[in-house]
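Single-letter residue listing:
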Amino acid sequence: MAIDATDNLFDVAARCLACAEPAAKLALTREAGVAYDAGRLGPLDAPAPGPITTPGRPARPRLVAPRALAQRGLGTAEGRAALVHAIAHIEFNAINLAWDAVYRFRGMPPEYYRDWVGVAVDEARHFGWLAERLATLGHAYGDFDAHDGLWDMAVRTAHSCLARMALVPRVLEARGLDVTPGMIARLEAVGDVATVAILRDILREEVPHVAAGSRWFAWCCAREGVDPQVAFPALVKAHAAGALRGPFNIEARLAAGFSAAELACLERLAA
């Protein structure tokens, strides 16, 4: 599945999306990032994207409703492994979400594609870190159940880049900015310094990922002539009100492009 001179960015994004085996998806994503940075993958003229379908992913983990996921404490290696697995699952989904943002939305500025190719590469690196950590804890990706909430939102926003940017990076992925500091504190309390180090690195890199969502949400609003301060709460109320839970990481969200007015709105919606 090596990338060659006949490939364009949309072809490669589709192949990365379709790749189901985690190690192969990581390798192809890394190769795509290198090729894109070298100028070998332009967003050339291409047919409209195909309808959104289930992305490539392994047969395991088993996907269940969020409420069916077992709750485990962090006082045992099994509980810590379950937490690492849950985060790894988010990062694996995030690879697919970034590639779908590249593949699905045509006619965007070159900077848009550069942002989301970069996010895909980062998310692949994050998944690799977490997969290695899982191995040291005696487990592998797929050993625990997971849910499909992130991809479900991708399906629901496949018709609109504006809606995708509002609801995936700025709501679902931004949730990681809020909860990761608490996870770090809990893991520090049980002495898991290895996982803490990984989560600190991921948190630092996720801020610019959410910021990319903020940037392109604002760009799409300007293109469509809508007020982002009106559009964002309307989309959240319509599609993601149940995903909002405080407290919010105000510092990180401000750094990721949220306005004070948006944060006040999120506080009201989560109340």
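Conventions adopted
Residues numbered from 1 in each chain as written. Predicted model: local features only at pLDDT ≥ 70, side-chain atom pairs only at ≥ 80, totals over all residues. Heavy atoms only, no water. Helix = DSSP H or I, 4+ residues; strand = E, 2+ residues; numbered from the N terminus. Buried < 20%, exposed > 50% of the residue type's maximum accessible area, 1.4 Å probe, protein only. Polar contact = N/O pair within 3.5 Å; in protein donor to acceptor, adjacent residues only side chain to side chain. Contact = heavy atoms within 4.5 Å. Salt bridge = Lys/Arg side-chain N within 4 Å of Asp/Glu carboxyl O. Core = buried A, V, L, I, M, F, W, Y, C linked by side-chain atoms within 4.5 Å.

Colleague: Teacher, can you tell me more about the side chain of R170 here?
Modeller: Its place among the elements puts R170 in helix α6 (residues 161-173). Note on R170: relative accessible area 2%, which makes it buried. Within the structure, R170 has its side chain in polar contact with the side chain of S214 (distance 2.9 Å). A polar contact of 2.8 Å, which involves the side chain of R170, links it to the side chain of E262. The contact partners of R170, leaving out residues within four places of it in the chain, are M165, V210, G213, S214, F217, F232, R253, G257, F258 and E262.

Colleague: Please clarify how the pattern of salt bridges should be interpreted in this entry.
Modeller: For side chains bearing opposite charge, pairing can occur when the charged atoms are close. The full count for this structure, using the stated rule, is 18 salt bridges. R57 is the partner of D148 in a salt bridge, and the nearest nitrogen-oxygen pair spans 3.0 Å. With a gap of 91 residues between them, D148 in the loop between α4 (110-136) and α5 (149-156) and R57 in the loop between α2 (22-37) and α3 (77-104) connect regions that are remote in the sequence. When its relative accessible area of 23% is taken as the criterion, D148 is described as partly exposed. For R57, a relative accessible area of 25% puts it in the partly exposed group. Taking the shortest distance from any N to any O, the salt bridge between D201 and R204 comes out at 3.0 Å. With D201 and R204 both in helix α8 (residues 193-224), this residue pair falls 3 residues apart, about one helical turn. When its relative accessible area of 27% is taken as the criterion, D201 is described as partly exposed. The class for R204 is exposed, based on a relative accessible area of 52%.

Colleague: Help me understand the environment of A94 in this model?
Modeller: Within the secondary structure layout, A94 lies in helix α3. Since its relative accessible area comes to 5%, A94 is described here as buried. When the C-alpha positions of A94 and M108 are compared, they lie 20 Å apart, and in sequence the two are 14 residues distant.

Colleague: What am I meant to see in the nonpolar core here?
Modeller: For soluble globular proteins, the rule of thumb is that nonpolar side chains tend to be buried together. The biggest cluster of nonpolar side chains holds 88 residues, and the ones touching the most others in it are W99, Y112, W116 and F217. Among the elements that line this core, the one with the most residues is α3, at 14 residues. With near-sequence residues (within four places) excluded, Y112 lies in contact with A101, V102, F105, C161, M165 and W216.

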